[in-house]
Amino acid sequence: MKTLVNNHHEVKRIEVLRQYQILDSLPEQAFDDLAFLAAQICHTPIALINLIDVNRQWFKAKVGLDVAEMPIEIGFCPLCLEQGDVLVIPDTLADQRFATSPVVQSEPHVRFYAGVPLLAPEGIAIGTVCIADRVPREITSEQVEALKAISRLVIRQLELRRNLTELIEIKTEYQQAQAALQQSECTLRSFFDSTPMMMGVVELQDNDILHISDNATSAKFFGKTPEVMRNCLESEIGMPRQQVCEWIKYYREAERTKSSVSFEYAHHTPQGEKWLKATVSSIAACCNYVKQFAYVVEDITERKQAEDNLRAAEALLRSMTGVSPLAFYVVDNRTDKILYFNDRFCEIWRIQHLKEQMVCGKLNNQDIIPECLKLVVDIPTFADACQPLQNENNRSVVEDEILFTDGRIIRRFSTQVRDASDRYFGRLYIFEDITARKQAEQQVREQAALLDITSDAIIVRDLSNKILLWNKSAENLYGWSSQEAIGKYANELLYNEPSPLLQEIHQTVLEHGSWQGELPKTQKSGKQIIVESRWTLVRNERLQPKSILVVDTDITQKKLLEKQFLRNQRMESIGTLASGIAHDLNNVLSPILMSVQLLQANSREERDRQILSIVETNVKRGANLVKQVLSFARGIEGDRTILQVKHLILEMKQIIEQTFPKSITLETEIQPELWNVCGDATQLHQVLINLCLNARDAMPGGGTLKISARNIFIDENYARVHLDAKVGYYIVLSVADTGVGIPNELLDRIFEPFFTTKELGKGTGLGLSTVMGIIKGHGGFITVSSQFGKGTKFKVYLSAIQTDTIPLPEDLEVPTGNGQYILVVDDESAVREITATSLEEHNYKALVACDGIEAVALYAQYKDKIRGAIIDMMMPNMDGTTTINTLQKMNPLLPIVAVSGLASSEQIPQLNTSKRFAFLAKPYTAQELLKTLHSVIS
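Starting afresh in each chain, residues are numbered from 1 along the sequence in its written order. Restriction of local features to residues with pLDDT of at least 70 applies here, the model being predicted, together with a cutoff of 80 or more for giving and counting side-chain atom pairs; totals for whole chains, interfaces and linings are based on all residues. Just so you know, side-chain values use all the structure's heavy atoms and leave hydrogens and water out.

1. Observations regarding the pairing of strand β16 (residues 409-418)
- The element β16 is extensively covered by neighbouring structure, given that 8 of its 10 residues are classed as buried.
- Here, strands pair whenever DSSP counts at least two bridges between them. A run of H or I in DSSP becomes a helix once it reaches four residues, and a run of E becomes a strand once it reaches two; helices and strands are each numbered from the N terminus. The sheet contact formed by strand β15 (residues 398-403) and β16 spans 6 bridges and is antiparallel. When the bridges of β16 are listed, V398 appears paired with S414.
- Hairpin geometry of β15 and β16 is characterised by an intervening segment of 5 residues between the two adjacent antiparallel strands and by a positive phi of about 95° at G407. Only protein chains enter the area calculation, which uses a 1.4 Å probe; residues under 20% of their type maximum are buried, those over 50% are exposed, and those in between are partly exposed.

Okay, here's the thing in structure tokens:
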């Protein structure tokens, strides 16, 4: 709503408005009744009598609104005033002119408005009578006419009020003039009668006093009128004879000395004793007139009472200062005399031995200063602190602290003392021993420092949840400083939204005195954290609840570690289950794979060879699938050598550029002088392939795939947050895409085997579980971050070594045997038979056993013939480890090949120390078996 134009008409309007002298006046019933009537007639919750000033709208009467005024730019009344006619707005939101008005968008949320201008007799609008509602509505013509009638009644009431005000002003001026006239007349007529003192003229006659003229005060004192007092003797008006003689004596003295004589005496009246001060003087006589005297008598009863009260107050002051813990000392600034001191002053300054001389006035201020200075540590500072008192214009109170040689701390207040005429005549010193207070303050500071030292956030809130204390750790934990937090409501500061749990906790603390548990809270940055919160009720000295002490410990990292630990446990459980399944599958696949190779060697038909090739391919595919499961379950140890990750990335880059859709852009970023890692090149290549394939599938419409590698150092802080991390040097290999991303609720499950978010038939769910197994097998760890709809980033951390890269040795040709006897031990008959057949096909002779017990018996029987043994690690009755240890005792030089479907050699410590031992993972080809066997028996 635009401001009214400040033109000649507006100046005239404001002039008319202010003639009524109504602005900022108190509420009046007549106007309140008219506003109430408007609300009742129109059935609205809001009605106003609004007078519009230069820059504001002032409400003389209001119904349904709490504010007394509002700026002229807000609302609709100024528009009604400007157009000078009735203004009706059925729905403010339906009209673009008013939809964004503050009174529509916020309190009082006006949706309906109707206003009638208040027209003064001159025809100038000075305000409005208006009604409003919070819902849209219509107004009848009868209601509009009623509002117009009310506006005329308002103007009539304003006119009546103005006329009444003018009458009152005329009456007031008349009364003031009349009073001034009477006062002047009385002053001129009789100063004599109006004086509050008794005054009169007397003559002395025959040892008596004749009253010639007395003022009204004198006559009243004696209970008579001035007329009766005239020519009346003193003895006739009841004054005692003795008192009459005293007065005559003073009159004669005044006559003799030709000067006034003053005296004080007590006069007894029925109302009690009064003290009077009389001054008499002789009047110079001329032309044989009788000698006359003038008297003036002043009632000094109140002064006498004040003097008595002053003496009592001085006695009380001495009593109070005598028992006060404060020391008082007053010195005359002109004479250096000691005007006042109390016993506490002597006690503080250890000068009790000088007290008697100080009381007698034998010692001045300068006499006791040398004794006092013996206790002061810093004498120059002690003297300088009082210098401002020497300035006549300095009326301030000087405060300082004095350190005594005995360790006491004394607070001193110094100020000037002035008399009734505001003249500086003395110095007041007040001393207070604050040693105990200082010690207590130091203790409080130490305790406060302890609160700031503690790593826990300590917060004290009152029972309405307003924060009273906020320690340093609370600042560090939540991000708000104590100045920002104190006085704020904790529920608004630390929580995003109200929670019924907080009310329950508050009620529990009030009922039981304490509560403890975990709570999610919000930092100033908006980050959510989890705290271990302990609430304790604090009571006052009357054991009434006063406040609540809250101690918060940040357990966000702890909860994160717990989450990682539980996930690792779940993965370990799944891995254990997968290991058992993989072992059985490998036992099934091993004889099939070796049988196919034997059949291929003996087959002459091309069709048979093709069928056997298909079988071999699928068996190997199944074996690889099992190997992926095992790599997830326990990690794959493989052949380790020193590798440069850069070469793996460059190979992967070539594959991606040749096979991935052109809509996917590849970016690589490799840090110069990248460190080496110790690992299996094939397995790490598999990690990169799996991650890149997942990235490709996450970007069906194209995007950016970025592969990067850099050197980093992991410190203790990072290692505490990630369970698998250790302090040391790492290479971090990152694979990031701009694809669809992974929802937060699925991030914890993506490394589980057989879990996939892809469509049925488009993924085995083993890719990431295989990656996890390989990375763990290399002593590293992997992290993932994803934003749904924006992309995913995997980071693989591998331990770095600083040495040169060693190339892998090339494969050797498959050797054959020389008729040696080989002991084959396996609980699976199919594995035994096909292994024996493969050996015999390559010039070996096989002895088979179904478990360890039978193997030991066979070896004992054919000890001289057997030149090697192939032993399964997982068998009933006697497992592979026990069988190997038993055979080793019988012949420490016996070559042994340990085989297992679990792809792990950890159970055979001899493999790490002797070349006569080797490990082979199921399923294996005949070629792998023969190579391994040859390596241990040669």
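2. Let's talk about the pattern of salt bridges
- Salt bridges are identified by distance alone: a Lys or Arg side-chain nitrogen within 4 Å of an Asp or Glu carboxyl oxygen. This structure, assessed with the given rule, holds 35 salt bridges.
- The partner of D53 in a salt bridge is R56, and the shortest N-O contact between them spans 3.4 Å.
- Residue class for R56 comes out buried when judged on its relative accessible area of 14%.
- With its nearest N and O atoms 3.1 Å apart, the salt bridge here joins E401 to K438.

3. Observations concerning the confidence of the model for the protein chain
- Overall, the predicted model of the protein chain reaches an average pLDDT of 82, with 87% of residues at or above 70.
- Confidence of the predictor in every single residue is expressed as pLDDT, which spans 0 to 100. For the protein chain, per-element mean pLDDT is lowest for helix α21 (residues 606-634), which scores 65, and highest for strand β30 (residues 821-825), which scores 93.
- Whether two residues touch is decided by their heavy atoms; if any such pair falls within 4.5 Å, the residues are in contact. Below a pLDDT of 50 lies the segment residues 1-5, which in the model reaches 17 contacts outside its immediate sequence neighbourhood of four places, other chains included.

4. Section: the environment of L375
- Summarising the element assignment, L375 is placed in the loop between α13 (365-373) and α14 (379-384).
- Here L375 falls in the buried class, since its relative accessible area comes to 14%.
- Sequence separation between L375 and G407 is 32 residues; the distance between their C-alpha atoms is 9.6 Å.
- When residues no more than four places from it in sequence are discounted, the contact partners of L375 are I348, W349, R350, L403, F404, T405 and R408.

5. Some details on the sheet that holds strand β8 (residues 208-214)
- Across the sheet, which stays open at both edges, the 6 strands sit in the order β9-β8-β7-β12-β11-β10 with antiparallel pairing between neighbours. Both edges of this open sheet fall to β9 (232-233) and β10 (261-269), since each of them pairs with a single strand only.
- Bridge count between β10 and strand β11 (residues 272-283): 9 bridges; the pairing is antiparallel. The residue of β11 that forms the bridge with H268 is E273.

6. A few points about the sheet that holds strand β13 (residues 327-332)
- If you walk across this open sheet you meet the 5 strands as β14-β13-β17-β16-β15, and the pairing is antiparallel. Of all the strands in the sheet, just β14 (338-341) and β15 have a single pairing partner and so form its edges. Within this sheet the neighbouring strands show an average axis-to-axis angle of 20°, counted without direction.
- Of the pairings in the sheet, the one linking β13 to β14 comprises 3 bridges and is antiparallel in character. The residue bridging V331 from the neighbouring strand is I338, located in β14.
- Sitting on the sheet, α13 touches β13, β14 and β17 (424-433), and the angle it makes with β13 is about 140°. Helix axes are fitted only over the stretch in contact, all axes being lines through C-alpha atoms; the angle between N-to-C directions runs from 0 to 180 degrees.

7. Let's talk about the packing of helix α23 (residues 681-697) against helix α25 (residues 767-777)
- Close contact between α23 and α25 brings their axes to 9 Å; oriented N to C, the two are set at 145°. Between α23 and α25 lies a crossing whose hand is left-handed. For the pair formed by α23 and α25, the contact residues are Q683, L684, Q686, V687, N690, L691 and N694 on the first element and G767, L768, T770, V771, I774 and I775 on the second.
- Think of it as three bins: nonpolar holds Ala, Val, Leu, Ile, Met, Phe, Trp, Tyr, Cys and Pro, charged holds Asp, Glu, Lys and Arg, and polar takes everything else, Gly as well. When its residues are assigned to classes, the contact of α23 with α25 shows 7 nonpolar, 6 polar and no charged. Handedness of a crossing follows from how the near helix is turned relative to the far one, being left-handed for an anticlockwise turn of less than a right angle and right-handed for a clockwise one.

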